[in-house]
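Structural features, examined
The primary structure of each chain is shown beneath.
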Amino acid sequence: MSAPWSAGEEPRLLPVAHSSDVVQVRQLIRTLAQECRLSLVDQTKFITAASELARNTLVYGGGGTVRAGKAEKGGRRGVAAVFADEGPGIPDLELAMTDGWTSGGGLGLGLSGTRRLVDEFDLVTEVGVGTTITIVKWAR
Amino acid sequence: MTERVPILRIGDVLVVSIQFDLEDQTVLNLQEDLAEQIVARSARGVIIDITALEIVDSFVGRMLATIADVSRMLDARTVVVGMRPAVAITLVELGLSLGGVDTALDLEKGLARLRRSAQAADLA
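This one's a predicted model, so the numbers in the text were calculated from it and none came from an experiment. (Residues numbered from 1 in each chain as written. Chains lettered and ligands numbered in written order. Predicted model: local features only at pLDDT ≥ 70, side-chain atom pairs only at ≥ 80, totals over all residues.)

1. Quick notes on the overall build of chain B
Of regular secondary structure, chain B possesses four helices and five strands. Each helix (α) and strand (β) of chain B, taken in turn from the N terminus, gives the series β-β-α-β-α-β-α-β-α. At 14 Å, chain B has a C-alpha radius of gyration in line with the 14 Å of a compact globule built from 124 residues. Relative to all contacts within chain B whose residues are 6 or more apart in sequence, the contacts with residues 24 or more apart total 73%. (Helix = DSSP H or I, 4+ residues; strand = E, 2+ residues; numbered from the N terminus. Rg over C-alpha atoms; globule rule 2.2 N^0.38 Å. Contact = placed C-beta atoms within 7 Å.)

Rendered as structure tokens:
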């Protein structure tokens, strides 16, 4: 899935190379979620999901980038974010999506918890090439 | 240098009010600082005020659970106060319901909770 960016809106690009970048990602996503008029609970869920994925990008992916912006599809508006790294990739995707599973280090709650916080979740990974995760939350 | 969260003391209770979005390293520092301060100041209770936090992700959630466990081993009780409703909903949906962490709605109720558990311990 390519992210359903709104026409005429250029998504913002942020690096994820240091733990302070995770804070920047949260702030950017918060601003976008507010601009897209997500409800308070939906804002909280989406920022939290972005925080989890940004940390994954940093810790497991060895750093990468986040693109985030307003999204639009079939008359719905929302916010989208794409987390990309050129890390080791995920060898066993089914295992990685198992509830509560985490590959050690005690970080993250696995991807399944994060997936529950968003409306759309798309993961593309290849061993030795990297991982790209796209998430979208629609305004109700 | 990473920022550090100040730890205040009221009687034998340590109070931490998290006022800004924490970097992971700051979260880890707080964990260590609190463990040290519990022993150095013979604290019987710890209150962590998260009223200002708009989100609590799994990293911060785990920090809260770890502080609760560590303080228990050091003979102190931890109460997390001020969690926002949207944060509670998000944490549960994420799969982190913080079963071992005591909570109260605000600082006053948190202090009352610690007083009650101290009295119960004295009677026992």
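2. Considerations on the packing of helix 2 (residues 40–59) of chain A against helix 3 (residues 85–94) of chain B
Packing of helix 2 of chain A against helix 3 of chain B leaves a shortest axis separation of 9 Å and a crossing angle of 50°. The angle between the axes of helix 2 of chain A and helix 3 of chain B places the two elements in the oblique class. Of the two possible hands of crossing, helix 2 of chain A and helix 3 of chain B adopt the one that is right-handed. For the pair helix 2 of chain A and helix 3 of chain B, contact is made by A:Leu40, A:Val41, A:Thr44, A:Lys45 and A:Thr48 and by B:Ala86, B:Val87, B:Ile89, B:Thr90, B:Glu93 and B:Leu94, respectively. Tallied by class, the residues present in the contact of helix 2 of chain A with helix 3 of chain B amount to six nonpolar, three polar and two charged. (Axes fitted to C-alpha atoms, helices over the stretch in contact; angles between N-to-C directions. Parallel < 35°, antiparallel > 145°, perpendicular 65-115°, else oblique. Left-handed = near helix turned anticlockwise from the far one by under 90°. Nonpolar A, V, L, I, M, F, W, Y, C, P; charged D, E, K, R; others polar.)

3. A look at the packing of helix 1 (residues 19–35) of chain A against helix 2 of chain A
All names here are of chain A. In contact at an axis separation of 9 Å, helix 1 and helix 2 are set at 150° when each is read in the N-to-C sense. With respect to helix 2, the element helix 1 is oriented roughly antiparallel. Seen along the crossing, helix 1 lies across helix 2 with a hand that is right-handed. For the pair helix 1 and helix 2, the contacting residues are Ser19, Val22, Val25, Arg26, Ile29, Arg30, Ala33 and Gln34 in the first and Gln43, Phe46, Ile47, Ala50, Ser51, Ala54, Arg55 and Leu58 in the second. Grouping the constituent residues of the contact of helix 1 with helix 2 by class yields nine nonpolar, four polar and three charged.

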